[in-house]
Amino acid sequence: MKKTVFFTMVAATLVVGCTTADKVAPKNTINQEEIMSKMSLEDKAHFVIGTGMAGFSGDNAVIGATRNLVPGAAGTTYPLDSLGIPAVVLADGPAGLRIDATREGDSATYYCTHFPIGTLLASTWNTELVEQVGQAIGEEVKEYGADVLLAPALNIMRNPLCGRNFEYYSEDPVVAGKTAAAYILGVQKNDVGTSIKHFAANNQETNRMNTDAHISQRALREIYLKGFEIAIKESKPWTVMTSYNYINGTYASESKDLVTTILRDEWGYEGTVMTDWFGGKDGAKQMWAGNDMLQPGKAEQFDSIVAGVKSGKLAEADLDRNVARVLNLVEKSPRFQGYQFSNKPDLKAHAAVTRQSAAEGMVLMKNGGENSTSHPLPLASNIKNVALYGNTSYDFIAGGTGSGNVNHAYVVSLLDGLKNGGYTISEDMKTAYDTYLADAKKKAEAELEAKAKKDPKNAMLVKFLPQPLPAEKLFSADELTKQAETADIAVITLGRLSGEFLDRNVADFNLSSSERQLIEQVCDVYHKAGKQVVVLLNIGGVIETASWRDLPDAILCAWQAGQEGGNSVVDVLSGKQSPSGKFTMTWPVKFTDAYSSKNFPIDQDPRIDMMNQGQKGNVRNVDFTDYEEDIYVGYRYFDSFDVPVSYPFGFGLSYTTFEYSDAAVSADGDIATVTVTVKNTGDREGKEVVELFVSAPDNKAANKPAKELKAFAKTKLLKPGESETVTLKVNTADLASFDEAASAWVVAEGEYQFLVAASAQDIKATLPAQVKGQQTQANNALKPEVQMNLLKR
């Protein structure tokens, strides 16, 4: 088998009951010229601002009343009822639709499916699967009456401690862009919109409203904007959401260079641009820059826009342009098209989608010794009694906190998943953990309540933040010995929880003393008893592994797998599904090995400023961050500077083995085509991810990375002995580096090495090919105001 990757309205007649598949049905349209002729300046200013956000008032009172069309949705556009223009509902994602699960005076429930976190989806390297997940999410968006999902999030994983890395896809822009494009295509198949975010360089949560990202033009173009460019060009999201931060001295939402020159003029984007909630400060300047809609809406923004037009600071033509773009969004929406939503999406079918997709994104990190022929996983048929350790085995973490969370009906714990899979768990251990966790929960709730009382103004926000996890429950040597006598194997789960508003701290990257003690003691006792130990990682971001990974017999990174997490893990442990996930980020030996750790807010006050009332200061890595690593992010740094890692980018084991053969490269005009045959040489079914890196000629002298990912593909499920020929295509333009002096994308002429690989450090074939030089002019945009000591090879 071969695989290739490469109104007339003031009142319009509503078409009621159109389905997503009914593409030929008449479509309601908006006569923009007629509508805008009837809008006053004040109408226009209202229309480009949202209708507010429940729970926020006072000096920052929002305009109008919150339109509670879908309770729990993040916001709405401003309705013009007298002109027949409805409000459009905007709701959070990206791990599923985020709305209220229950409603006052209503006995029905409105739970949504909690799908796997973005990091796990990207770890599948399977864009077809990601598109299927997006399509399922989009169905829930539409059937619950929302119009635009505020997702996906694809900021680059610049540093392991970014609090929202769990929402993001990769340290590499090609993986991030291709994954985001698939997600968007899937969601928008339902004729609902997406909002790709956070545009751009939202790489830390600390002081996120007022921090200034100092980034070279080259790093912006090659790393931080490239993923957005790929996704926007390939999937055409209905909206783009600008980020909170400054970029080189200008708020993202107030930067004409970003939202007009690059996004629209260079990339050809034709959709609507909106702010993140309370993002930016100067409404008139945001309108001028091309940021079409300000969410969720504040009185001062309205005043700024009206005053700006009256004073001449803001041309009314610019405001009209933005109004037209918001009207375009409204016109496409299910609400304007008269779609009759059911409030009954197929949650059962979607649970099956999340279960299968989660299993495919889990990464097998270790399976026996380096030269051992004995593999603990999948669990042998005689393994029935599992000793289950670790708090999160019993209280599985479905995903992160904040706007990326989902109000789900249930979460399948690892305990429940094992039971569902026919395994037996010690009732004594379950009782011990239930008691321990109940006491820890009671203590945590009391502490949270005390925090809320101490700061009543931010009480709602306090409860929105990720809370510390309790220390691991430990057992005595005698208890462990007794448990080992009746168990066939031990499974330990380590958990991490992160989310919006806060970056992780260094202690969260490293193992706690109780985690280390638990692993050491369990491994010691069980190994003496001749039994094996498996460690599961129920995490949203990278942790330290080098100091302890030799202790257990197997390690599986299960990520945060959504509401079916326990079932998905057991599908992998039991061998029902062979793991085929691979890492989309590098795992450093130590946190400080990541070059960006020199310029990241480590254990700093997060400066949570929900409504953007603060001012820009001058504290390094808090008020501003110098991206001194420049283009050397992730594997581009580790591999170019020969820094040892714990696990390389693209790494992931399988229950079977694969052989690469007949690799070849050919050129046809501006397209290089690489083919390689992948054969399953083991005795179990499996899928393999093929990664294509490219090394530019004289890359060290030219200050280019040693290699860069340019394409990837995943095989179908290969049976033992079965082969598939994979084809990967790379455009010559994709080989370009950004030349700041020329403000151009430049492809150097010469011999390039096309590296067919199973990971960044497992190269299967090196294929030389001559490439003709070319240059494509761009704009001199987003130029830094400060000089930085940039890393060079």
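Since the model is a prediction, treat every value here as computed from it, not as a measurement. (Residues numbered from 1 in each chain as written. Predicted model: local features only at pLDDT ≥ 70, side-chain atom pairs only at ≥ 80, totals over all residues. Heavy atoms only, no water.)

(A) Fine view of the side chain of Gln-301. Mapping Gln-301 onto the fold places it in helix 10 (residues 299-311). Not counting residues within four places of it along the chain, the set of residues in contact with Gln-301 comprises Ile-49, Gly-279, Gly-283, Gln-286 and Leu-294. (Helix = DSSP H or I, 4+ residues; strand = E, 2+ residues; numbered from the N terminus. Contact = heavy atoms within 4.5 Å.)

(B) Spatial organisation of helix 15 (residues 427-454). Here helix 15 spans 40 Å end to end across 28 residues, near enough to the 40 Å set by a 1.5 Å rise per residue. Of the positions making up helix 15, those classed as buried are Met-429, Tyr-433, Leu-437, Leu-448 and Ala-452. (Expected span 1.5 Å × (residues − 1). Buried < 20%, exposed > 50% of the residue type's maximum accessible area, 1.4 Å probe, protein only.)

(C) Here's a closer look at the state of the cysteines. Tallied over the entire structure, the rule returns zero disulfides. Of all cysteine sulfurs in the structure, the one in Cys-557 sits closest to Cys-162, which takes part in no disulfide; the separation is 17 Å. (Disulfide = S-S within 2.5 Å.)

(D) Focus on unusual backbone geometry. The omega angle of the peptide bond from Lys-197 to His-198 is -5 degrees, so this bond is cis rather than trans. With respect to the helices and strands, His-198 occurs in strand 7 (residues 193-199). Residue Asn-207 is not a glycine yet carries a positive backbone phi of 50 degrees. Take Asn-207: it is sitting in the loop between strand 7 and strand 8 (212-214). A relative accessible area of 4% places Asn-207 in the buried class. Residues other than glycine seldom take positive phi values, yet Asp-642 does so here, at roughly 55 degrees. Asp-642 sits in the exposed class, given a relative accessible area of 69%.

(E) View of the environment of Ser-426. In this structure, Ser-426 sits in the loop between strand 15 (424-425) and helix 15. Accessibility expressed as a relative area gives 29% for Ser-426, which makes it partly exposed. On a C-alpha basis, the gap between Ser-426 and Val-386 in space is 7.5 Å, while along the polypeptide they are 40 residues apart. Of the polar contacts made by the side chain of Ser-426, one reaches the backbone nitrogen of Asp-428; its length is 3.3 Å. (Polar contact = N/O pair within 3.5 Å; in protein donor to acceptor, adjacent residues only side chain to side chain.)

(F) Looking closely at the environment of Glu-479. Within the secondary structure layout, Glu-479 lies in helix 17 (residues 477-486). A polar contact is formed between the side chain of Glu-479 and the backbone nitrogen of Ser-476, at a distance of 2.8 Å.

(G) Main features of the packing of aromatic side chains. The tally for this structure, following the rule as stated, stands at 26 aromatic pairs. Each ring, one from Tyr-635 and one from Phe-693, has its centre 5.6 Å from the other, and the planes form 80 degrees; the classification is edge-to-face. Placement of the pair is Tyr-635 in helix 21 (residues 635-640) and Phe-693 in strand 24 (residues 689-695), with a sequence separation of 58 residues. Just as Tyr-635 is buried, Phe-693 falls in that class too. Counting every residue linked through ring pairs, the aromatic cluster contains Trp-125, Tyr-635, Phe-649, Phe-693 and Phe-712. (Phe/Tyr/Trp six-rings, centres within 6.5 Å; stacked < 30°, edge-to-face > 60°.)

(H) Summary view of helix 10. Under the 1.5 Å per step criterion, the end-to-end length of helix 10 is 18 Å for 13 residues, consistent within 8% with the ideal 18 Å. For helix 10, the complete set of buried residues consists of Gln-301, Phe-302, Ser-304, Ile-305, Val-306, Gly-308 and Val-309. Count one or two residues on from helix 10 and you reach Gly-312, which has phi positive near 90 degrees.

(I) Quick peek at the sheet that holds strand 14 (residues 385-389). Strand order in the open sheet formed by six strands is 13-18-17-16-14-15, and the pairing between neighbours is mixed. The sheet is open, and its two edges are formed by strand 13 (363-367) and strand 15, each paired on a single side. By the bridge criterion, four bridges tie strand 14 to strand 16 (residues 489-495) in an arrangement that is parallel. Looking across to strand 16, one finds that Tyr-389 is bridged to Ile-492. Relative to strand 16, helix 19 (residues 513-528) is tilted by about 170 degrees, and along the sheet it contacts strand 14, strand 16 and strand 17 (532-538). (Pairing = 2+ DSSP bridges. Axes fitted to C-alpha atoms, helices over the stretch in contact; angles between N-to-C directions.)

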